[in-house]
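Residue-level structure breakdown
Residues per chain, in single letters:
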Amino acid sequence: MTGRARVHARGRRRDTPSSEPAQPEATRGCPVPRVPRTDPPLSFADLVRRGTAAQQPHQIQPRLQPLTGVRHVSGAGPPAGAEATSQPSEEHQLASGSQGSLLRKKTDVGRDYRDFVVNTRQNLVHVRESTKGTQGSPVMLFSNHVRLKSCSQRHLYKYNVTYTPDIEDGRKREAFLSELEKLLGNRCVYDGNSLLLPHSLGETKKEVVSKLKNEPVKITFELSRELQTTSPDCLRYYNILFKKMLEKMDLNQIGRNYYNKNKKAEFNEHRLEIWPGYVTSILPCEIGLTLCADVSHKLLRMETAYDLISHTREEARGEDAKEKILRKLVGSSVLTKYNNRTYRVDDIIWEMSPSSTFTKSDGSEISFVDYYKERYGTVVTTLNQPLLITKGKWKKSRQDTTHQPIMLVPELCHLTGLTDDMRKDYRMMRDLCTHTRMDPERRQRKLLTFVDALRKNNTVQKELRDWNLELEAGFLSFSGRTLQDVRIHQGRRMVRFDNHKADWSKNTREVPLLRAVSLDHWLIVYTKGNYGTALTLQQNLQKVTPKMGVTVRNAKLLEADDTVQSYIRTLEKHASQNTQMVLFLLPTDNKEIYDGIKRYLCINYPIPSQCVLKRTLDRPKTPVTIATKIALQMNCKLGGALWKVDIGLQNAMFIGIDCFHDIERRRKSVAGFVASIDPDLTRWFSQCIIQQSGQELVKGLTTCLYTALKLWYEQNSSLPRSIIVYRDGVGDGQLQALIDQEVKQMESYLENAYRGQKVRLTFIVVKKRINTRFFIEKDGGRLNNPSPGTVIDLKVTRTEWYDFFIVSQSVREGTGAVSPTHYNVIHDTLQLSPDAVQGLTYKLCHMYYNFSGIIRVPAPCHYAHKLAYLVGQSLHQQPHESLSKSLFYL
Amino acid sequence: MPNRRASRNAYYFFVREKIPELRRRGLPVARVADAIPYCSADWAKPVCTPLRKPGMLVPKQNVSPPDLSGLSLKSDQALLGGIFYFLNIFSHGELPPHCEQRFLPCEIGCVKYSLQEGIMADFHSFINPGEIPRGFRFHCQAASDSSHKIPISHFESGHDQATVLQNLYRFIHPNPGNWPPIYCKSDDRARVNWCLKHMAQSSEIRQDLVLLTVEDLVVGIYQQKFLKEPSKTWVRSLLEVAMWDYSSNTRCKWHEENDILFCALAVCKKIAYCVSNSLATLFEIQLTEAHVPLQDYEASNSVTPKMVVLDAGRYQKLRVESPGFSHFSSSNQEQRSNTPTGDYPSGVKISGQNSSVRGRGITRLLESISNSSSNIHKFFNCETSVSPYTSPKHGYKSFSSLS
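Everything numeric here is computed off the predicted structure, so don't read it as measured data.

**A short note on the overall build of chain A**
Of regular secondary structure, chain A possesses 23 helices and 39 strands. Burial statistics for chain A: of 890 residues in total, 60% are counted as buried. Residue pairs at least 24 apart in sequence account for 74% of intrachain contacts in chain A once pairs closer than 6 positions are excluded. Carbon and sulfur atoms make up 47% of the accessible area of chain A, which totals about 34700 Å².

**Some words on the confidence of the model for chain B**
All names here are of chain B. Looking at chain B, pLDDT values average 68 and 62% of them are 70 or higher. Taken together, the stretch residues 48-73 has pLDDT below 50 and engages in 32 contacts with residues farther than four places along the chain or on a different chain. Overall, residues 298-403 carries pLDDT values under 50, and its contacts beyond four positions in sequence, including any with other chains, amount to 175 contacts. For this predicted complex, the interface confidence reaches an ipTM of 0.74, while the overall pTM sits at 0.76.

**Side note on the state of the cysteines**
Structurally, a disulfide amounts to a covalent bond that connects the sulfur atoms of two cysteines. Residues and elements named next belong to chain B. Counted by the stated rule, this structure contains 0 disulfides over all chains. The thiol of C99 is not disulfide-bonded; the next cysteine sulfur, from C140, is found 9.4 Å away. In this structure C99 comes out as buried when scored by relative accessible area, which is 16%. Not part of a disulfide, C274 finds its nearest cysteine sulfur in C268, a span of 12 Å. Residue classification places C274 among the buried residues on the basis of a relative accessible area of 4%.

**A word on the sheet that holds strand β27 (residues 581-586) of chain A**
Within a sheet, neighbouring strands are paired by backbone hydrogen bonds and run either parallel or antiparallel to one another. Residue and element names in this part refer to chain A. With parallel pairing, 4 strands are arranged side by side in an open sheet as β26-β25-β27-β28. On the outer flanks of this sheet lie β26 (556-560) and β28 (609-613), each paired with one strand and no other. Averaged over all neighbouring strand pairs, the angle between strand axes comes to 20°, with direction disregarded. Pairing between strand β25 (residues 522-527) and β26: 5 bridges, direction parallel. Opposite L523, over in β26, you have K556 as the bridge partner. Docked against the sheet, helix α16 (residues 564-574) engages β25, β26 and β27, running at close to 145° with respect to β26. Packed on one face of the sheet, helix α17 (residues 591-604) meets β27 and β28 and runs near 170° to β27.

**Examining the packing of aromatic side chains**
Under the definition given, this model contains 35 aromatic pairs over all chains. Their ring planes at 35° and their centres at 5.5 Å tell us that F86(B) and Y113(B) sit as a pair that is tilted. Taken together, the positions of F86(B) in strand β1 (residues 83-94) and Y113(B) in strand β2 (residues 103-114) put the pair 27 residues apart, joining distant regions of the chain. The class of F86(B) is buried, set by a relative accessible area of 0%. R375(A) extends its terminal NZ or CZ atom over the ring of Y376(A), reaching a point 4.7 Å from the ring centre. Taking the ring centre of W801(A) as reference, the NZ or CZ of R798(A) above it sits at 4.6 Å.

**Regarding unusual backbone geometry**
Within the chain, N340(A) stands out as a residue other than glycine whose phi angle is a positive 55°. Along the polypeptide, N340(A) turns up in the loop between β13 (333-336) and β14 (341-344). Accessibility expressed as a relative area gives 11% for N340(A), which makes it buried. The backbone of H154(B) shows a phi angle near 55°, a positive value even though the residue is not glycine. Along the chain, H154(B) falls in the loop between α4 (137-145) and α5 (161-172).

**Comments concerning the sheet that holds strand β15 (residues 347-349) of chain A**
Residues and elements named next belong to chain A. On the basis of which strands lie adjacent, the open sheet formed by 3 strands has the order β15-β18-β19 and antiparallel pairing. On the outer flanks of this sheet lie β15 and β19 (406-408), each paired with one strand and no other. When the angles between neighbouring strand axes are averaged without regard to direction, this sheet yields 35°. Both strand β18 (residues 387-390) and β19 contribute to a ladder of 3 bridges, which runs antiparallel. In the strand pairing of β19, T390 is matched with I406.

**Some details on the pairing of β14(A)**
All names here are of chain A. Here β13 runs beside β14; their pairing, made up of 4 bridges, is antiparallel. Directly across from L335, in β14, lies its bridge partner T342. Count of turn residues in the β13/β14 antiparallel hairpin: 4 residues, of which N340 carries a positive phi of about 55°.

About the criteria used
- Chains are numbered independently. Their residues run from 1 in the order of the written sequence.
- Chains carry letters from A onward and ligands carry numbers from 1 onward, assigned in written order.
- Under the rules for a predicted model, residues below a pLDDT of 70 receive no local features and side-chain atom pairs below 80 are neither given nor counted, while totals for whole chains, interfaces and linings still include all residues.
- No hydrogens and no water enter the side-chain calculation; it runs on all heavy atoms of the structure.
- Helix and strand assignments follow DSSP, with helices taken as H or I runs no shorter than four residues and strands as E runs no shorter than two, numbered in order from the N terminus.
- Relative accessibility under 20% of the residue-type maximum defines a buried residue, over 50% an exposed one, and the middle range a partly exposed one, all with a 1.4 Å probe and only protein chains included.
- Contacts are assigned to residue pairs with any non-hydrogen atoms lying within 4.5 Å of each other.
- Calculation of accessible area relied on Shrake-Rupley with a 1.4 Å probe; when residues are assessed, cover is drawn exclusively from the protein chains displayed.
- Scored from 0 to 100, pLDDT reflects the predictor's confidence in each residue.
- The disulfide definition used here is simple: a pair of cysteine sulfur atoms within 2.5 Å.
- A pair of strands is treated as paired once DSSP finds two or more bridges between them.
- Here an angle of 0 to 180 degrees is reported between the N-to-C directions of two axes, which are lines fitted to C-alpha atoms, with helices fitted over the stretch in contact.
- Each Phe, Tyr or Trp ring, with Trp reduced to its six-membered ring, pairs with another whose centre is within 6.5 Å; inter-plane angles below 30 degrees give stacked pairs, above 60 give edge-to-face pairs, and intermediate values give tilted ones.
- Here, over-ring charges are defined by two tests on the NZ atom of lysine or the CZ atom of arginine: distance to the ring centre within 6 Å, and angle to the ring normal within 35 degrees.

Take a look at the structure:
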C-alpha cells in the first residue's frame, strides 16, 4: 500500500470552494459558527487568486524585457505538487484558464508560463485618470492590510528547473535542490517547478548534477525571465516565502490557512478544541504589495475515530454494530495531527488492523505501526482496530485512473466538524460563538499582535531582508466615504429610517405598499392537528394586511398528510384556475417534501406558493411580525411591489446573473438570469439556464436578453436606453473569459437588437468572498464596523481595474466584523462616473423585497442567486414560463 | 465559482484510451503525458481502429434508425397492438471507468405496454447489489441518498441477482420463441445494459436481450404514422415530464410508502404515460386508466393552469365541454411549452387542417408568444380536434391556419 507516501506528494485537496451551502464540503473546512450576515472566511485560494491572477501594476508601461540574448524559455508548468506549491498551482490553473486554455501538464510545450493579468481599466476611457469618487462624507478607515515595502529596484531571476531522469516526488525534488546550496545560496524560493533567485546564475542555461543517497540526477536550470520585485509573477513566490516563515512561527498549514495548535483553546465539557489561526496572503494593491491577514479558527473534536468506533460498539453490542459504525463514520471528515491533513472517510476495512503491512513506494513491506513510528514518531497503541480507507483527493485529470487508496489508523484520526446534534446544542454553540466571534476591536488587536510577532521574529526579519522586503508597522489606513442615506418610497410616502441599522421594517409597517395585490382565492394546506395554527395564521394575516392596502379574503383551509403525494392530491382536487396562491403549513423542514411541492407548483401547475414551517409560527412572541413578513413575501410572489428608491438613472434595465453548482452530486449547474422590466425596478423577469455541471460562464444569454427586452418593450413601449449587469460568482481568474464570452455575447446581441444604435452596457463583477475588512475608529479609539454605505475606492483597490468596495449591510453590535463587497466594472459603454456607479450600486442594495433593509449585494444579484438556488436545489428543471414575471423564487 | 475542467482535445482521449493497452505491453505509463510518445504513430494512422468500443460512452448512434420491421408496424392496427417492454435498472451510483464493477444494481422495474391497451402488466423487484467494492462505500451511499434512497446494505427486500433475472425473463417472455425488444431511455441505456450483462454473468442464464431506446421508438412510430421524422429534442421533451411524479399507483410500494420520488418502476410507468399521452391521441385511442393515471384527475375538473392563450373565450368553452380530458391535455401542453425548442415535426398532416383565417386577434396574440409555444398550441389544438371528446365545431381553424 503506497497510499500514504503518495498522498504526501500530491494528495492535496484542490477543489475550489463553491459559493453554495449545498455542498457538504463547505462545512468541513472551517466549521466555526458564522457571524450573521457575513460570509464564511475567504479561502486561501481566493486570496491567492485575488492576489496574483489579475495584477499588473505597470501594465501601461512597457514590460520588463528579458535579458538580451536570452531565449524565451518555455515549459515551466505549474508546480509538480510539492506541499509548498499546491496553492499557487490552483491559482495557476485559474490564470491559465482565463486565457482560454489550460496548462496543467507539466510538459506543456510552446507557452511561456506567467501570471496573466486582465487590465480592464485600459479600455474604459472615462476612468483612465481616476477611479475615485467624491460624494459622501469622508471617514477615516483602517483595513486589515499591512504594507509590504520593497526596498530595492534589483531584479529577481526566475529559473525553470528540470530533472533528468524525471522525479515525481515533490519532497525529493526539493531535497535535490537543497544539496546545491553552494550554487544557489541559501536564498531561493522553489515552487516545485521553478526557482526564484535574488541573483543570477550567470548563464541562461546551467546543468548541474546533484546526488542524493548516491542517486545522481542531472538538474537543468533555464532562465525564464527577469522580474522586478513588485512584479505580479513574484507573488506566488512571496506567498511560499510567507508560508515558510509562518511555519517557523509555529503555525501549521491546514487547508489553506495557518493554525497554531499550541495555543489551542479546549472545551472539555463539549469535547472540542479550537485552534486559533490566520488567513494570510500577499496582495498587489494600488499602493504596492500588501499582506492581508484575517483571523480564522479551526474546530476539532477531541474524539478520535477509534473512540467513536468503540463507543458505538459498546452501545450496540450486536450484529449491527458494524452497520451502525459505518453509518456514523463513513462520509465524515477526519484530521490527522501528525501531518495536519484532512481526509474524508470512504470506507472501513474490518479485516485489517494497524499491524497489517503495506508496500512502500520503494517496494519494502512495512506495518502501519512501524511506519508511523518511523515516519512521524507516533505510537499506535491499540492493535485491535480496523483501518479507515479514503480515496484521497486527486487532480481532476487523474480522478478516473486507478489509485491506491489511503489507509488511516482510526486512533490517529480526529473527527472534525460539528454533527447535527452538536449544532442543536444551544449552550455549546453559544460558548463557541463567544470564542470565535470577534468584534472589530478584538480582531484587529489580535491581528496586530500577529503582525508585530512577524516583525519581531528574527528569522522572519532576516528572510525578508534577504529579499529586500519590509513589513510596515501598523495597518493601512485611509479615508473612505459614507454615501448619503437612500430614501425609500413606499406608497405615496417617503419612509425615513435609521441608516445605521439598515432596516426599515418597523418604519414601513403602517404604510400602504407601493403596489398591493389582493388575495381573493387562495388555499392553506395544513397537516393533521394543525388546523388551529392555520386558522390563527390566516387571522393574523387578515389583521396585518389592511394597513398595507392588501385585502385578504378567507382562504380554503385544507388538510393533508405530510407526504408530497398527499399534498399534490389535495392541490389537484382544490386548486382551480383562479387560485392565486397556495400556502403550506409544513410540520418539518423535510427537503424532499419541499422539493416535491415546489417542483409541482413551479413546473406542472404554475401557482405561486409559500411554505411556512409550523415551528416558526409556534414562537409565542412574534406572531404579528411573522404574519407581516409572510404577507409581504406573498405580495411579492403575486407580483406586488413593496417600495422603490429613486435610482437616478432613466430608462435603464438592471440585470443580475448568478450560478448555482452542485458538483458533489454532479448535478447540472444552473445559471439564474434576472432583469428588471420596469423603470422603478419593481417587476423582474427571470429565466434560468441549465448547464453542464460546474460550468460557471453562461451560454445562451441571448435568449434571456431577448425575452427581457421584449417584456420591457411591452411594458414601456420603448427599449431601455442602457443596460447594467451585475454578475456574481466569478473569480478573478475568469475575468478574461467573462469578457470574451458573456460580455461579448450580450454586446453583439444588443447591437443587433438595437439595429446599429449605440448600446450602452455596463458590466459589473460582484465579489462577496474577500478577506479585506474595514474598520472605523469611534469614540475613545475603539474600532468599530463602518456604517452602511461606506465606499472605499483607493489604496486597496487595483491599478488596472475600475473597482471599489462598498460596505452596505449592517451588522449587529458585538457580532463580528462586517465584510465589504467588492465591485469591479469590467465593461462600461454607459460611461458611469465613479460616483454614479457607486451610488447606483448602493441604491440597488435597498431593492431586495424579501428583507426590508440593506443587503450585501445589489438586489438583481440576490434575486438571480435565489432563482438559481431554487432551481438547482429543488426543481432541476426550468420553471414554468408563466411564472417568469413574478418573484416566485423568493 | 470557476470551472476548472480542462477542455481536452481528441488526442488526449485517444491517448487515454490507449493507456491500458500500453500498460499491458509493460510500458511504464502512469499518465497521459507519459503515453504520448507511444501513441503518436497510431494517431497518425488513418482511422481504422474502432474508437467506439462497446461499453464506451457512445450509446446512441448504433441503434438508429430503429429497426421497426420486427415489430411489423405495417399498419396502424399492428402498431396499436404491438407490445413493448420498458425496462429500467437502478444502481447505487456509477463507479469510475477504471473499476471492473461499474454499477451496483439495486432495483429493477419493467412494464408491458401497448398503445391500444396501455400498461398490461408490470414487474418490480429489489436486487441485492452484492458486496460494495472496497473504498466506494461513501460514493455509493451518497449516490443512493441523492436519488432512490435504497439502503446499500442490510436491505431485506433485495433478491439475489439470478432470481431477479429469471423472474424478469419469465415476465417478458412466458413462452419460448422470439424475444421482444426492450426499451429504456437513452440516458439509462448504458447502465441498464451493463447491469443486465452483469446479472446474467452471476446467474449463468444467457439470454441477450436487445435493448433499444424509447426515443428511437417514438421517432419510429412517428415516421411510421406520418412519414416524417420528428426532432430528437421534441421527443426528449415529450419524455421529460414531471406531472405524474407523485401519481398514485406509479411508484413501487416501498418508494411510495417512503415518499421517495426515484423509483425504477415509476420511470417505466412514466414512459408509458408519456407515450400514451402524446401518441395515443394521434391514433385516436381512448385513454384509459391503463394509459395514464386518470383516477387522480377525475375529481378535479377545474384545475387549469394559467396560460395566456387559455384565456381566450372559446378555449374555455371547449374546456367546459370536456372537463376531464381537456384539463388533462392542457396540462400536458404546459409541459411541452416548457421546452424552448419544442418543435412539432413540421409538415405533418393531421386531419382537421384548414386554411381559412379567422380571429386575427388571437392569431396576433399567438404570434406574440414565442415561437415554440405557438407551435405547441397548433399541435395541441389539432390533437384535441381528433380526440373523440371534442366536437370539431370549435374554433381550432384559426389556429391551424398558422401552420
